[in-house]
Every structure is written in structure tokens, then in C-alpha cells.
Amino acid sequence: KKFVVSSHYCITLDRVPDSLYPMIVANQKQWNQWASLRLLKDANKDVASHVLPGTIAFLKANPYLAVDTSLFDKDFLAQLLASVDDLDASIDGTLIKGDNFQAVQLISQRFKNAVDYIYLDPPYNTSENSFVYKNQYKESSWLSMIQSRVSPALSVLKESGVMSCAIDDYELPYLEGLLDAVFQPENRLGNLVVEIKPSGRTNDKYLATSHEYLLFYAKNAIEADIDFFPLSDEQTAQYSLGDGDGSFKWRDFLRTGGYSTPQERPNSYYPIFFNPETKQAALEEFEGATKILPIDSEGNHRVWRKTPPSFLEHLRKGEINFSTNRKGEWKVQLIDRIKDGTRPKSVWVNPKYDASSHGTKLLKALFGEGAGFSFPKSINAVEDALHINCASKKDSFVVDYFAGSGTTGHALINLNRKDSGSRKYLLVEQGDYFDSVIKPRIQKVVYCPTWKDGRPSTNIEGISHAFKVLYLESYEDTLNNLQLRRTSAQG
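Model, not experiment: these values are computed from the prediction.

Colleague: What should I look at first to understand the packing of aromatic side chains in this one?
Modeller: Between two aromatic rings, the relevant description is the distance of the centres plus the angle of the planes. Counted according to the given criterion, the structure contains 17 aromatic pairs. Where Phe253 meets Phe311, the ring centres are 5.7 Å apart and the plane angle is 45 degrees; that geometry is what we call tilted. With Phe253 in the loop between strand 8 (248-252) and strand 9 (254-255) and Phe311 in helix 11 (residues 308-316), this pair connects stretches of sequence that are 58 residues apart. As far as burial versus exposure is concerned, Phe253 and Phe311 are alike and both buried. Members of the aromatic cluster, connected to one another through ring pairs, are Phe253, Tyr270, Trp304 and Phe311. Residue placement shows Lys249 over the ring face of Tyr239; its charged tip is 4.9 Å from the ring centre.

Pasting the structure below:
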């Protein structure tokens, strides 16, 4: 077991009592940190143009600067803790620096049955050597490493909780077998394909790989739910009839495509009778009625979308319409009311998922040159994965213990910004970039959502936020703490 060797908090000024402001003003280490993060100036002017840094007035004018308690003495921390009833309960996120195997053991007890969604992006067992984790494992060793990190997920997930794991082609079948064994095949929710490099990898020998996978598993598939994506403006415009929540469009009652022939669906093949003058419709022939069969434009017999009882129910509710096509032939239409959104598809192809444009370049925008991390995820891919699992659960708890550059935390903060949610995150990482990328990334995006060349945009829109930072004892710490004692019996 590894001990927690130190901890501290980063808390935006709006949550800090005014009585502590003089101590903050007098702390040059804090001002130096804010300056190094480029939080005191934007591209052209002081953030607060009429107040100067180093003053209480400046602190009050910039409530979303985060105070870092690691830069203060114990007296300051004691006063801050005393001002909040339960600081740990009020924090929005937790960052843990340490081996994720040890971290998982730590959180599996603290957060048992508490997590809504786990997002994992482990090393892909390739020739890439930029990962802190050992890459190029023998197959069994790689699977053992992943298994030891994945199995505890069952204990921390809620009964309705979901875990997703990113992977490439090479390890897909092995990872899928492992996750089937841990979660059971009946709890597999599906595999998502995301195009992360539209141009394809140039060093591939055969096909230029442009995608990766995200495997979704539930603790209990019956309890798991999914949030739809909102309709685009183009999709919304299609529902041009009616208004507001009552907007609708008419769709063809004729079923086409697969499983649409009378042989395949005999119960949905029947005639509909309609009188154009009286607007009367029925399933039995009557005087003056025209017989309408489910025949497509090429003369093929198809079926209707609904069985006779369902058709009659829609007819009773006024949800059936009759119109003519260009040939003057009658067609039947069914009402299609505006939806809350669209079900996510299993293939995501969109420029916003490009890891270079929305991952690497995003880090460059946040930190300027030399961000210190290779191959970050597209913020949009992670944000959309969060959306389909957490959009309606605004108080959900998300865990990522292969945190990398901190994209999951950043994406969750973006999601909270959009809908004023109170979702919380826990990120675990052991690399040196924990202190140089992950922690400052969270501080920066809390202060301002958009950055360029390491500087905040002129339109600063900070949010109230607090996160806790824990450092776990490393293997080197354990070795350094060993004391060798030579007994008299050893001579």
C-alpha cells in the first residue's frame, strides 16, 4: 500500500473569505504562479484594466483566479478550512498523482458504488515510447496490467454506471475479451468507432489507420441509460409544422429498406381505404373510397410501418395524413413529432474529432510551444462521450485513471459550463506532466474557456471551482524510506 504523502487545494477567490485576502496579496509565490500561468494579463492589457496586480482590489475584480494552498503556510490553510463547513464535500474535482494501480485501490473503498462514468484511455501496447507507462508488453503482461486497473471498476460504479475504454485495432479483440470476462457479455453496450486522424497514419504499411475504438460496458445493462445528442439547426428546421414543443413533420407510412416485404412482415401488409372528398379513412372498403396498398415508386410491394391496430390508433388521434405524389398517386403519411435529440451512432466522423486539431493544437493554445505532452485526445470526442453518459445527470461523478493531459477534466468543465451542471471528476496520472500540464490546465480553463498562444482570450468567463490535489507515495519514495539494519548475528 502507498501512503498519501501530501495534499493541497486550488480554490477560486470567490470561495475564499475576504479576511484572507491580505495574506494572499502578501504571498509572492502565488503571484508568481498566476504570472507563469499567464493569468494576470491577456494579449493586450491587464485583465482588470482599472486595478493593478498585487492589490486586494485586483483579487476582488478577478474572482476566478484559483488560490493554491500549497504555496501558503499551515496557518492560512487552517483558517481557510475553518471557513468552510465541509471543504471536501464542496470540491468539484480531485487530481491524484501516483501509480494508478495504487490509486484505484485507494478510491475503490472511498467511492464504492458512487461513480456514474469511467473514461479510460490506456496505453495501446504499440512501439510508441512517449507514454510513461511501459509500452510494448508481451500480450499476457499487457492484459494483466489492464485487468488489474479495470476489475475494480465494478466496485466503484453505480448500478447504472458505465465504463468506456479507448483502444486501437491491434489490441481490440484482446481487450474486448478481457472486458467481456470482467463485465460479462450481456453488459456490453456497444463499440464506437471514432475517426481521430482523417489523413490516416503515414507510417502504416498497408491501410492508413485513421480511427480508434471506444468500448462501452455497463455494470448492469438493464439499469444503464443513454442521453441523446441535441438536434442540429438543420434537423430542427425539418419540423416546420406546428410550433414549439408541438412542432412536427410528416413522414412516409411506407416502410422501405431491410425487413420491409410482405413475406418478412405479413402483419404489416394490408390495404387502406380513403375517400378524398370526405377525408374518411378505414381498413375496410366503403363507398367512394380509393384502395391504397404499400407499393414503392418502383412497383415493389412493401409493408406499412405499423400493424392494423396501431394504424387505427394513429388515425383516431389525427396522426395520419393523405397526400399525392408527382404522379397523382395517393400516399399515406404518419406524424413525426420533434424529438429531444438523436441517438448516438456507432461511427463518429467529424472534423471536430481530429486529435491533431482539437487535441495537440488545443494544448498549444493553452500553453504555447512545448506543452510537454504527446498525442492528447480531441476535447470534442471526450466531451461527446461524457454527454451521452452524463448530460441528463448534472450531478454525476466521472473518473479517469489514465488521465494523460487531463482532457477528461477539461471536457467535464466544458459540459458544466454549458448547462450549469455540478458534475465532479477524479483524475489519476503518474507522469511528470501531472504538475506541468494537468494541474495548470484545470487552473487555466476554470479561469477562461478560450486561449491562444498560452494567453487567455480577451473575453474572460471564469467559473467558481475548487479541486483537491493528492500525491501518493511513489516506489522511489518507498525505497528511499527503507532503513537497513545490520544485527550482531550478521557479524
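Colleague: Even after reading the chapter, I still don't get the nonpolar core, so can you show me in this structure?
Modeller: Most often, soluble globular proteins have nonpolar side chains that are buried together. By size, the foremost hydrophobic cluster in this structure holds 105 residues, and its most contacted members are Ile24, Trp34, Ile118 and Met163. Broken down by element, this core gets its largest block of residues, eight residues, from helix 15 (residues 433-447). Counting 13 residues, the second-largest nonpolar core is a separate cluster that includes Ile272, Phe274, Ile320 and Leu334.

Colleague: Is there a simple way to explain the side chain of Asp336 in this structure?
Modeller: You can see Asp336 is positioned in strand 15 (residues 330-337). For Asp336, a relative accessible area of 11% translates into the label buried. Polar side-chain contacts of Asp336 include one of 2.7 Å to the side chain of Lys339. Residues in contact with Asp336, not counting those within four places in the same chain, are Tyr239, Phe248, Lys249 and Arg251.

Colleague: Explain the side chain of Ser323 here, please?
Modeller: Take Ser323: it is sitting in strand 14 (residues 320-324). A polar contact is formed between the side chain of Ser323 and the side chain of Gln333, at a distance of 3.4 Å. Once you skip the residues sitting within four places of it in the chain, Ser323 turns out to touch Glu329, Trp330, Lys331 and Gln333.

Colleague: Got a minute to help me understand the sheet that holds strand 14 in this structure?
Modeller: Strand pairing within a sheet occurs via backbone hydrogen bonds; the two strands may be parallel or antiparallel. Strand order in the open sheet made by the three strands is 8-15-14, with antiparallel pairing throughout. Whereas interior strands pair on both sides, the edge strands pair on one side only; in this sheet they are strand 8 and strand 14. Direction aside, neighbouring strands of the sheet carry axes that sit 40 degrees apart on average. Here strand 8 runs beside strand 15; their pairing, made up of five bridges, is antiparallel. Along strand 15, the bridge assignment pairs Lys249 with Asp336.

Colleague: How do you make sense of unusual backbone geometry when you look at a structure like this?
Modeller: Working note: non-glycine residues mostly have negative phi, and peptide bonds are mostly trans. The backbone phi angle of Arg38 is positive, close to 65 degrees, even though this residue is not glycine. Note that Arg38 resides in the loop between helix 2 (28-36) and helix 3 (56-61). Looking at Arg38, the relative accessible area reads 29%, which means it is partly exposed.

Cut-offs used in this document
- Residues numbered from 1 in each chain as written.
- Predicted model: local features only at pLDDT ≥ 70, side-chain atom pairs only at ≥ 80, totals over all residues.
- Heavy atoms only, no water.
- Phe/Tyr/Trp six-rings, centres within 6.5 Å; stacked < 30°, edge-to-face > 60°.
- Helix = DSSP H or I, 4+ residues; strand = E, 2+ residues; numbered from the N terminus.
- Buried < 20%, exposed > 50% of the residue type's maximum accessible area, 1.4 Å probe, protein only.
- Lys NZ or Arg CZ within 6 Å of the ring centre and 35° of its normal.
- Core = buried A, V, L, I, M, F, W, Y, C linked by side-chain atoms within 4.5 Å.
- Polar contact = N/O pair within 3.5 Å; in protein donor to acceptor, adjacent residues only side chain to side chain.
- Contact = heavy atoms within 4.5 Å.
- Pairing = 2+ DSSP bridges.
- Axes fitted to C-alpha atoms, helices over the stretch in contact; angles between N-to-C directions.

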